[in-house]
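# Secondary and tertiary structure notes
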Amino acid sequence: MTSAFIVQVALVLIAAVVIAYPLGLYMADVFDRKPTRLDPVFAPLEHMLLRLVGIRGEAPGMDWKQYAVALIVSNLLMVLVILAILLSQGVLPLNPLKLAGMEPMQAFNTAASFITNTNWQSYGGESTLSYFSQMMAITFPMFTSAATGFAAAIAFIRGIVGRKDQGNFYEDVVLITIRILLPISLIGALFLVFQGVPQTLETSARAFGPQGIAQTIPRGPVASLDSIKHLGTNGGGFYGQNSAHPLENPTPASNVLQLLFMMALPMALVVTFGQLLGNRKQALVVFGAMGAMFLTFLAIVAWAETAGNPILSHLGLDQASSPMQAGGNMEGKEVRFGQAMSIVFVAVTTAFTTGSVNTMHDSLTPMGGFVPLAQMMLNNVFGGKGVGFMNFVLYGIIAVFLTGLMVGRTPEFLGKKIEQKEVVLASIALLIHPLIILGPTAWAVVHGYGLSSLTNTGYHGLSEVLYAYTSGAANNGSAFAGLDANTPWFNLSIGLVMLFGRYLSIIALLAIAGSLARKRRIPEGPGTLRTDTPLFGGIWLAVILIVGALTFFPVVALGPVAEHLAMLAGKTF
């Protein structure tokens, strides 16, 4: 790695932290209903939307069950609307290419994908969806799914810090959408238009290349989708090539904006947690542990990609074309971004569970491909809109329970006793994730309808299938891209994995928050194990890594690790 490589990466990460801190403080004021300077701008629209759902004046509080029911029912209604739009696209307006409705099984997969904040795509957007579908079935749920996950996280925080109720789901969604997502995504969309991203309802453009050959260039309302897809850690893309497409991510500046948008809100949520808890040291421990995992994984993918493939190195085929690219593996990467910004994008999009890609993950070196897999398997390296943070706290509860057993004391977390109910619910929430990854993966690689979708055999083929289900379960949406996922089996199975991965976990997490909210706070004593110290942060981190390794290492060893060893032995797949 060159000094230019390190400087590029460091500047982006520092900028993300600098943005996240004041944003987190602002979000804490929003969710505490404290006055802000932006109230005159947002309050009228906020009140109007709340009146549409029957809330006038102060919103009534909900317990965890009411909150969960409101979340599930509203999302169910939205997924039915999305499904109807996709199926009837051919008769709806804003369809200049006269595209037909989507095939039912693929429509189910797509509706499940975008309502769960996954944005997995088994289709090419520019050739499959009309402008109406891109806006109403894709961009619209990018706002609502991000707001839903964020609202669940805020309700969870209220419960674990001891608030009497979890808040009001409808009010939280309106606050998040009006005061956070809409204004920031509008600014982002305008910047992307400035950088050359299309934002139009005109039909595809007609152009002629240098040799006079005619080209049809798809365009549409791209910038608005592109902005919220990163801010809401949605992923997906207007074009099939996602953020590698020159009209979706045309310049290094647009690339940096997309990176910052992916990192901003998940990082800021940790700051918000510290403010609502009234303990910034606790937030610093959480941020430090998450940051340590992220930097470790970033270092691994940077090492793997800059080292490249030794088989090609011996042939002299992986040398850098400029000092900014640092050499190594450039297959599947855009030259306009180079090694540094491609590698950071790989780490960020899976750590923050966005799923947007500016690099083809199928072309990563084996250990480069291990990093996005591992981050999605852990699903708490910052994570996306809320669920990653909640999963991280779950591991904190498990860590407190284990340390309590070792010292012979009743475990406590944030001043509340951790008892059988919380441990059982935490275990269920943690077990759901590997179950819906490993079960379908095993099934797919022993049946013909799963194996027939592979374009690679051996270790890499296993990694492709494993990546697909891991991406769906983590609500990430990125893909290895070597897998033909547009089949009835993969559309159905990945669709179900996305739904289970989203809603079963959220329900269990809200139940834990509800249980803790009802408990009396215990005063600190001489035997209290403080969770806001570097020591406990290390224990917290160790529990995450040990549980993750015990759960997933066997299958990872058969995929990217085995492929890496084969590559060193001079074999490729």
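Here the structure is a predicted model, which is why all the values come from computation and not from measurement.

This part covers the overall build of the protein chain. Along its length, the protein chain carries 19 helices and four strands. Counting only C-alpha atoms, the protein chain reaches 75 × 55 × 50 Å along its principal axes. Sorting the 573 residues of the protein chain into buried and exposed places 59% on the buried side. Long-range pairs, those at least 24 residues apart, make up 77% of the contacts in the protein chain with a sequence separation of at least 6. For the protein chain, the exposed area adds up to about 22100 Å²; of that, 69% sits on carbon and sulfur atoms. One way to put it: in the protein chain the 30 positive side-chain charges average out to a point 10 Å from where the 27 negative ones average out.

Enumeration over the complete set of coordinates arrives at 13 salt bridges. Across the pair Glu-171 and Arg-33 runs a salt bridge, and its minimum N-O distance is 3.4 Å. Placement of the pair is Glu-171 in helix H7 (residues 169–195) and Arg-33 in the loop between helix H1 (3–31) and helix H2 (39–52), with a sequence separation of 138 residues. By relative accessible area, which is 41% here, Arg-33 ends up partly exposed. Between Lys-519 and Glu-419 there is a salt bridge whose closest N-O contact spans 2.9 Å. In this pair, Lys-519 sits in the loop between helix H18 (488–517) and helix H19 (534–568) while Glu-419 sits in the loop between strand S4 (416–417) and helix H15 (420–444), placing the two residues 100 residues apart along the sequence. For Lys-519, a relative accessible area of 18% corresponds to the buried category. Through salt bridges with shared partners, one network takes in Arg-33, Asp-39, Glu-46, Glu-171 and Arg-179.

What follows is about the nonpolar core. Residues Met-263, Phe-294 and Phe-389 are the most contacted members of the largest nonpolar core, which totals 174 residues. The element best represented in this core is helix H6 (residues 131–160), accounting for 16 residues. Every residue in contact with Met-263, bar those within four places of it in the chain, is listed here: Val-12, Leu-13, Ala-16, Val-348 and Phe-352.

With that out of the way, let us pick up the packing of aromatic side chains. Taken as a whole and judged by the stated rule, the model has 16 aromatic pairs. Joined through ring pairs, the aromatic side chains of Phe-287, Phe-294, Phe-352 and Phe-382 make up one cluster.

Here the focus is the packing of H15 against H18. Two elements in contact, H15 and H18, have axes whose closest approach is 8 Å; the angle formed by their N-to-C orientations is 175 degrees. Taken together, the axes of H15 and H18 are roughly antiparallel relative to one another. Contacts between H15 and H18 involve Lys-421, Glu-422, Leu-425, Ala-426, Ala-429, Ile-432, Ile-436, Pro-440, Trp-443 and Ala-444 from the first element and Trp-489, Phe-490, Val-497, Phe-500, Gly-501, Leu-504, Ser-505, Ala-508, Ala-511, Ile-512, Ser-515 and Leu-516 from the second. A breakdown of the residues in the contact of H15 with H18 according to their chemical character gives 17 nonpolar, three polar and two charged.

A few words on the environment of Gln-275. Its location among the elements puts Gln-275 in helix H9 (residues 252–277). The class of Gln-275 is partly exposed, set by a relative accessible area of 29%. Residues Gln-275 and Met-27, spaced 248 residues apart in sequence, show a C-alpha to C-alpha distance of 9.4 Å. The residues contacting Gln-275, other than those within four sequence positions of it, are Leu-25, Ala-28 and Arg-280. Separated by 2.7 Å, the side chains of Gln-275 and Arg-280 make a polar contact.

Note that Thr-470 resides in helix H17 (residues 458–473). When sequence neighbours within four positions are dropped, the list of residues in contact with Thr-470 reads Leu-373, Met-376, Met-377 and Ile-437.

A cluster of nonpolar residues, Val-69, Val-73, Leu-76, Leu-77 and Leu-80, forms a patch on the protein surface that exposes about 460 Å² of accessible area. Relative to the helices and strands, Leu-80 is located in helix H3 (residues 64–87). The class of Leu-80 is partly exposed, set by a relative accessible area of 46%.

By the element assignment, Arg-158 lies in helix H6. The buried category is assigned to Arg-158, whose relative accessible area is 8%. For Arg-158, the side chain forms a polar contact with the side chain of Asp-172, separated by 2.8 Å. When residues no more than four places from it in sequence are discounted, the contact partners of Arg-158 are Phe-31, Arg-163, Asp-165, Gln-166, Gly-167 and Asp-172.

At their nearest, the axes of helix H8 (residues 222–231) and H9 sit 7 Å apart, and the two run at 40 degrees to each other. By the angle class used here, H8 and H9 are oblique. Contacts between H8 and H9 involve Asp-226, Ser-227, His-230 and Leu-231 from the first element and Gln-258, Phe-261, Met-262 and Leu-265 from the second. Residue classes in the contact of H8 with H9 are distributed as four nonpolar, three polar and one charged.

What follows concerns unusual backbone geometry. Although it is not a glycine, Arg-33 sits at a positive phi angle of roughly 60 degrees. Here Asn-242, not a glycine, exhibits a phi torsion of approximately 60 degrees, which is positive. The topology assignment puts Asn-242 in the loop between H8 and H9.

This part covers the confidence of the model for the protein chain. Taken as a whole, the protein chain shows an average pLDDT of 91; of its residues, 97% reach a score of 70 or greater. Note that residues 321–325 has pLDDT below 50 and, in this model, nine contacts with residues that lie over four places away or in other chains.

Next up on the list: the pairing of strand S2 (residues 214–217). Pairing of strand S1 (residues 205–208) with S2, which is carried by four bridges, proceeds in the antiparallel orientation. Among the inter-strand pairings, Phe-208 is bridged to a residue of S2, identified as Ala-214. What sits between the antiparallel neighbours S1 and S2 is a turn of five residues, in which Gly-212 has the positive phi angle 80 degrees.

Within the secondary structure, Met-62 sits in the loop between H2 and H3. Judged by its relative accessible area of 11%, Met-62 is buried. In this structure, the C-alpha to C-alpha distance between Met-62 and Ala-152, residues 90 residues apart in sequence, is 12 Å. In contact with Met-62, not counting residues within four places along its chain, are Tyr-67, Ala-70, Asp-165, Gln-166, Gly-167, Asn-168, Phe-169 and Tyr-170.

To continue, consider the environment of Gly-368. Within the fold, Gly-368 resides in helix H13 (residues 366–378). Linking Gly-368 and Ala-347, residues 21 residues apart in sequence, is a C-alpha distance of 9.4 Å. Excluding residues that lie within four positions of it along the chain, Gly-368 makes contacts with Val-301, Ala-304 and Glu-305.

Reading the values: the criteria
Residues numbered from 1 in each chain as written. Predicted model: local features only at pLDDT ≥ 70, side-chain atom pairs only at ≥ 80, totals over all residues. Heavy atoms only, no water. Helix = DSSP H or I, 4+ residues; strand = E, 2+ residues; numbered from the N terminus. Buried < 20%, exposed > 50% of the residue type's maximum accessible area, 1.4 Å probe, protein only. Contact = heavy atoms within 4.5 Å. Areas by Shrake-Rupley, 256 points an atom, 1.4 Å probe, with all protein chains shown as cover. Lys, Arg positive; Asp, Glu negative; His and termini not counted. Charge placed at Lys NZ, Arg CZ, Asp CG, Glu CD. Salt bridge = Lys/Arg side-chain N within 4 Å of Asp/Glu carboxyl O. Core = buried A, V, L, I, M, F, W, Y, C linked by side-chain atoms within 4.5 Å. Phe/Tyr/Trp six-rings, centres within 6.5 Å; stacked < 30°, edge-to-face > 60°. Axes fitted to C-alpha atoms, helices over the stretch in contact; angles between N-to-C directions. Parallel < 35°, antiparallel > 145°, perpendicular 65-115°, else oblique. Nonpolar A, V, L, I, M, F, W, Y, C, P; charged D, E, K, R; others polar. Polar contact = N/O pair within 3.5 Å; in protein donor to acceptor, adjacent residues only side chain to side chain. Patch = residues over 30% accessible without salt bridge, like charges linked within 9 Å, V, L, I, M, F, W, Y side chains within 5 Å. pLDDT = per-residue confidence, 0-100. Pairing = 2+ DSSP bridges.

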